Amino acid sequence: MIPLEYVLVLSMSLFAIGAAGVVLKKNAIIVLMSIELMLNAANINLVAFSTYFGDALGQVFALFSIGIAAAEVAVALAILLNLNKLRKTVNVDDINLLRW
């Protein structure tokens, strides 16, 4: 069995890479992928602690989180496709559609 500390270090590094992608990148698709990486890091934490404590509740939360992430990606990609059709860009800095 893999020690809990190794799994937590993996999760922490995935979360840090995702957070850096959200902060540093300007392409909206890469930002969405970084958000998914952060959600997967949280899922790894949930499953790791669920296994460590011998309780299945963390795995159930991870399954719900995966479902919510799939819905979030579907809505975000639909918004980005419409935005690309209107503005011809998916650059986060160029998106000011909601400003007055």
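One structure accompanies this document, and this report is about it. Keep in mind the model is a prediction, meaning the values are calculated, not measured.

### Here we look at the overall build of the protein chain
Each helix and strand in the protein chain was counted, giving three helices and zero strands. Helices and strands appear in the protein chain in the N-to-C order α-α-α. By the compact-globule yardstick of 13 Å for 100 residues, the protein chain is too spread out, its C-alpha radius of gyration being 17 Å. Taken across its 100 residues, the protein chain has 23% of its residues classed as buried. Contacts spanning at least 24 positions in sequence make up 51% of the contacts within the protein chain whose residues lie at least 6 apart. For the protein chain, the exposed surface amounts to about 7300 Å²; the carbon and sulfur share of it is 73%. Counting 6 positive and 6 negative side-chain charges, the protein chain places the averaged centre of each group 20 Å from the other.

### Thoughts on the packing of aromatic side chains
The full count for this structure, using the stated rule, is two aromatic pairs. With 6.2 Å between their ring centres and 15 degrees between their planes, Phe49 and Phe53 make a pair best called stacked. With Phe49 and Phe53 both in helix α2 (residues 28-53) and four residues apart, this pair spans about one turn of that helix. Judged by relative accessible area, Phe49 falls into the partly exposed class, the value being 34%. Note on Phe53: relative accessible area 61%, which makes it exposed. On the numbers, 5.1 Å between centres and 70 degrees between planes, the contact of Tyr52 with Phe53 is edge-to-face.

### So, the environment of Ile44
Take Ile44: it is sitting in helix α2. For the pair formed by Ile44 and Met33, sequence separation is eleven residues and the distance between their alpha carbons is 16 Å. Apart from the residues lying within four places of it in its own chain, the contact partners of Ile44 are Val7, Leu10, Ser11 and Leu14.

Cut-off values and rules
- Residues numbered from 1 in each chain as written.
- Predicted model: local features only at pLDDT ≥ 70, side-chain atom pairs only at ≥ 80, totals over all residues.
- Heavy atoms only, no water.
- Helix = DSSP H or I, 4+ residues; strand = E, 2+ residues; numbered from the N terminus.
- Rg over C-alpha atoms; globule rule 2.2 N^0.38 Å.
- Buried < 20%, exposed > 50% of the residue type's maximum accessible area, 1.4 Å probe, protein only.
- Contact = heavy atoms within 4.5 Å.
- Areas by Shrake-Rupley, 256 points an atom, 1.4 Å probe, with all protein chains shown as cover.
- Lys, Arg positive; Asp, Glu negative; His and termini not counted.
- Charge placed at Lys NZ, Arg CZ, Asp CG, Glu CD.
- Phe/Tyr/Trp six-rings, centres within 6.5 Å; stacked < 30°, edge-to-face > 60°.

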